[in-house]
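Working through the structure, step by step
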Amino acid sequence: NDGMPAISHVGLQSGGTTAASREITLSVLCEGAPAEYRLSEDPSFGDAAWLPYTETPGFTLSAGFGAKTLWIEVRKPLDGGGYIESEPASFTLQRSPSLAEALNLTSGSAASVSASPWFGQTASSRDGAAAQSGPIGNYGATSCTLTLDGEGTVSFWWKVSSESGYDSLSVYADGAYVNGISGLSDWAYISQTFTGQATHTLEWRYTKDGSAVAGSD
């Protein structure tokens, strides 16, 4: 059968159009029984190699955040030799920073187990990406915790946009309160030194009182 194969669908296997990692898996549906595919961020496919066809191809995105457009085409062998290729299809996604990338982690791990977790974003930052607290209502709280092993100093920049004096961003070292800010603040630098060969935690916690909103609250 020498009919041209066709791509009927391409998207993220997880659904949506946002990826928080450079390593992604796509969902691809085709007609015409293709045997191979190639995938690239280059619409001319550059040096993209032909690979055995799969409906769930993996791909490593280029560095950086923002819009990324992927191009894919498939092909199948002709009865008389050679191949017949599909028309290329494209899919555009938004590459958002993971929490670890937003925090510029070089060691340790970060997690936000809150009902409204923290997330990496690029809309407001000093260096291209920053962690932001998830949205919460009155009397709500959301936190992000960095876990480290051994001694060392953690330094970071922070800011807040909230109801001054009532809704605040605080930082805790090994469970003990260190500092807090509220109202409308610009980026400020802060550091925390840990001593002792043990597991340490640094927690950022945003909390709201029972009424009123201000800033980006």
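Residues numbered from 1 in each chain as written. Predicted model: local features only at pLDDT ≥ 70, side-chain atom pairs only at ≥ 80, totals over all residues. Heavy atoms only, no water.

Assigned secondary structure in the protein chain consists of one helix and 18 strands. Its C-alpha radius of gyration of 23 Å places the protein chain more than 25% over the 17 Å reference for a compact globule of 217 residues. Viewed in the frame of its principal axes, the protein chain has a C-alpha envelope of about 75 × 45 × 25 Å. Across the 217 residues in the protein chain, those meeting the buried criterion constitute 37%. Taken as a whole, the protein chain presents about 11300 Å² of accessible surface, with 49% of it coming from carbon and sulfur. Between the mean site of the 10 positive side-chain charges and the mean site of the 23 negative ones, the protein chain shows a separation of 3 Å. (Helix = DSSP H or I, 4+ residues; strand = E, 2+ residues; numbered from the N terminus. Rg over C-alpha atoms; globule rule 2.2 N^0.38 Å. Buried < 20%, exposed > 50% of the residue type's maximum accessible area, 1.4 Å probe, protein only. Areas by Shrake-Rupley, 256 points an atom, 1.4 Å probe, with all protein chains shown as cover. Lys, Arg positive; Asp, Glu negative; His and termini not counted. Charge placed at Lys NZ, Arg CZ, Asp CG, Glu CD.)

A few words on the sheet that holds strand E18 (residues 199–207). Pairing within the open sheet is antiparallel, and its five strands lie in the order E10-E13-E18-E15-E16. Two strands bound the open sheet, and with one partner strand each, they are strand E10 (109–111) and strand E16 (176–182). Sheet twist, expressed as the mean angle between neighbouring strand axes with direction ignored, is 15 degrees. Sheet topology places strand E15 (residues 168–173) next to E16; six bridges connect them, and they run antiparallel. Bridging across to E16, Leu169 finds its partner in Ile181. (Pairing = 2+ DSSP bridges. Axes fitted to C-alpha atoms, helices over the stretch in contact; angles between N-to-C directions.)

Nonpolar side chains in soluble globular proteins tend to be buried together. Core analysis: the largest hydrophobic core is formed by 19 residues, its most contacted members being Val154, Phe156, Trp158, Leu169, Val171, Leu202 and Trp204. Taken together, the elements giving at least two residues each to this core come down to strand E13 (141–149), strand E14 (152–158), E15, strand E17 (188–194) and E18. Not counting residues up to four positions away in its chain, the partners in contact with Trp204 are Leu103, Trp118, Thr142, Ser143, Cys144, Leu146, Phe156, Trp158, Leu169, Ser170 and Val171. Core analysis: the second largest hydrophobic core is formed by 17 residues, Val28, Leu61, Leu70 and Leu93 among them. (Core = buried A, V, L, I, M, F, W, Y, C linked by side-chain atoms within 4.5 Å. Contact = heavy atoms within 4.5 Å.)

Here the focus is the pattern of salt bridges. This structure, assessed with the given rule, holds five salt bridges. In this structure, Arg75 and Glu36 form a salt bridge, with 2.6 Å as the shortest nitrogen-oxygen distance. With Arg75 in strand E7 (residues 66–77) and Glu36 in strand E4 (residues 36–40), the pair connects residues that are 39 residues apart, well separated along the chain. On the basis of relative accessibility, which here comes to 13%, the residue Arg75 falls in the buried class. Two residues, Arg205 and Glu203, come together in a salt bridge whose shortest N-O distance is 3.0 Å. Assessed through its relative accessible area of 27%, Arg205 is described here as partly exposed. Residue Glu203 is classed as buried on the basis of its relative accessible area of 15%. (Salt bridge = Lys/Arg side-chain N within 4 Å of Asp/Glu carboxyl O.)

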